[in-house]
Amino acid sequence: MSLGQFKLLRPRNLHEAISHLVKYSANIRVLAGGTDLIPSMRQKLFEPEYVLDLRAINELRGIRPQANGMVEIGALTPLRAIEKSVYLLQHYPVFTEAAATVASPVLRNMGTLGGNICLDTRCLWYNQSLTWRKGCGFCIKKDGNLCHVAPGGSKCWAAFSGDTPPALLCLKAEIEIAGPNGVRRLPVNDFYTGDGENYRKLASDELVTRVFLPAESAGYRGVYRKLRVRGSIDYPLAGVAVVMKRSNGHVQDARIAITAVNPAPLLVHRAGELLVGAVLDEALADAAGDLAARAAKPLTTSALTPEYRREMIRVFTKRAVLDAAAN
Ligand SMILES: Cc1cc2nc3c(=O)[nH]c(=O)nc-3n(C[C@H](O)[C@H](O)[C@H](O)COP(=O)(O)OP(=O)(O)OC[C@H]3O[C@@H](n4cnc5c(N)ncnc54)[C@H](O)[C@@H]3O)c2cc1C
Ligand code: SF4
């Protein structure tokens, strides 16, 4: 499968990158590590005339703790650098654990945080070759007008399948977005739409440039648990992130987020709130698992049955809550 014909643009700074996006916004795709973009271009899911290669923009790389206790991470920072960061491990362990489960070491060397946040949603009917998709009459997400997963509907239910966003949701992270009108900041919680087709709130002339982890989320115990077919390399089929702070045996604060079972990663507010103020035991962890499973709406977009994936959200949430308390 060929990549097709396109012109590669290599801006040296953010200003140049935005200028290219404005000029070619109708037909341009951003390339960071390329670990998802390139396979997708081979499958003709994206057929851009221009590819904007961000890799020469060094200002978008690096993990920078700030004097006020928050930490700033450039969108081009490789996932491997996040996984190996002693600072992040000490202050935001759920984030390093989630990053360490993405794909494989080789892909984490190439793959970036920005690419993981902006990752396209996935579906068994979509992540296929052109010939395969054509044989099925295409679908709403690309080139068609029907959904094989939810026939009769007009919405795409492709699953968001990134590992770091649930951890970022638990940490109340913010994303910086740069565009022709300057920069804006958005909580990760507001970045995703919940629609598998247009899954993120990012205009075609905008880029994700930085991620901010707030000081008040530092020091939480954290756990990430993930279901996948091949333990060494696969996308999540269900994922749960939990962060928790305890004091005198009581849960002071807790947050729980899920991924790969909805068109967007999701903070399950009620599951976290249930734990606050309580002394944790198996029954409470079970109840949090039930709430998380109820928020999960897996469909036949992915390998393994929706029933099994929802059940694993319940099981993983319970285990992650107990592990976060035992940490
Ligand atoms: C075999 C295999 C297994 C994988 N397993 C996992 C897994 O377990 N978990 C997981 O989360 N991912 C997985 N991935 C997907 C991918 O490797 C990671 O999500 C990676 O973090 C993507 O980052 P990237 O820099 O390579 O993104 P790219 O491929 O460069 O880009 C991904 C998407 O984001 C857009 N984009 C990238 N950066 C920006 C930016 N700064 N601003 C705006 N848009 C941007 C691109 O245009 C593209 O649409 C897997 C991929 C493969 C091939
Ligand atoms: S959920 Fe439906 S519309 Fe979306 S990619 Fe799958 S088959 Fe296509």
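Observations regarding the site of ligand 1
Around ligand 1, a shell composed of 35 residues is seen, among which Val30, Thr35, Thr112, Asp163 and Asp234 lie nearest. Contacts to ligand 1 include Val30, whose backbone N or O atom sits 2.6 Å from an oxygen atom. A distance of 2.7 Å is found between an oxygen atom of ligand 1 and a backbone nitrogen or oxygen belonging to Leu37. When contributions to the shell around ligand 1 are tallied by element, the ones reaching two or more residues are strand E2 (28-31), helix H7 (113-117) and strand E8 (207-213). Each residue belonging to the shell around ligand 1 can be placed in one class, and the counts come to 18 nonpolar, 11 polar and 6 charged.

Observations concerning the sheet that holds strand E12 (residues 266-267)
The antiparallel open sheet is built from 4 strands, whose spatial order is E9-E10-E11-E12. In this open sheet, the two edge strands, each paired with only one partner strand, are strand E9 (221-227) and E12. Together, E9 and strand E10 (238-247) form the strand contacts of helix H5 (residues 93-100), whose direction differs from that of E9 by roughly 20°.

A closer look at the sheet that holds strand E7 (residues 182-187)
Taken in spatial order, the 5 strands of this open sheet run E4-E5-E8-E6-E7, and their pairing is antiparallel. Looking at the sheet topology across the chains shown, the edges are occupied by strand E4 (63-65) and E7. Neighbouring strand axes in the sheet, compared pairwise and without regard to direction, differ in orientation by 25° on average. In the packing of helix H1 (residues 14-24) onto the sheet, the strands contacted are strand E6 (174-179) and E8, and the crossing angle to E8 comes to about 130°.

Here we look at the pairing of strand E5 (residues 71-74)
Because side chains alternate across E5, one face comprises the buried residues Val71 and Ile73, and the other comprises Glu72 and Gly74, equally buried. Bridge count between E4 and E5: 3 bridges; the pairing is antiparallel. Residue pairing in the sheet places Pro65 in a bridge with Val71 of E5. Linking E4 back to E5 in an antiparallel pair, the connection comprises 5 residues, with Gly69 at a positive phi of about 95°. Examined bridge by bridge, E5 and E8 share 4 bridges and lie antiparallel to one another. Residue pairing in the sheet places Val71 in a bridge with Leu213 of E8.

About the criteria used
- Every chain is numbered on its own, with residues counted from 1 as its sequence reads.
- Chains and ligands are labelled sequentially in the order written, the chains with letters from A and the ligands with numbers from 1.
- Confidence filtering applies because this is a predicted model: local features only for residues at pLDDT of at least 70, side-chain atom pairs given and counted only at 80 or more, and all residues used for totals across whole chains, interfaces and linings.
- Side-chain measures here rest on the full set of heavy atoms in the structure, leaving out hydrogens and waters.
- When we say a residue is near a molecule or strand, we mean one of its heavy atoms is within 4 Å of it.
- Counted as a polar contact is a pair of N or O atoms within 3.5 Å, where, for protein atoms, one must be capable of donating a hydrogen and the other of accepting one, and residues adjacent in sequence contribute only when both atoms are in side chains.
- Secondary structure is summarised from DSSP: a helix means a run of H or I of at least four residues, a strand means a run of E of at least two, and numbering begins at the N terminus for each.
- Each residue is assigned to one of three groups, with Ala, Val, Leu, Ile, Met, Phe, Trp, Tyr, Cys and Pro labelled nonpolar, Asp, Glu, Lys and Arg labelled charged, and all others, Gly among them, labelled polar.
- Strands pair, by our definition, only if DSSP identifies at least two bridges between them.
- The contact criterion used throughout is that any non-hydrogen atoms of two residues lie within 4.5 Å.
- Inter-axis angles, ranging from 0 to 180 degrees, are taken between N-to-C directions of lines fitted to C-alpha atoms, where helices are fitted over the stretch in contact.
- Think of it in three bands: residues with accessible area under 20% of the maximum for their type are buried, residues over 50% are exposed, and the middle band is partly exposed, with areas taken using a 1.4 Å probe on protein chains only.

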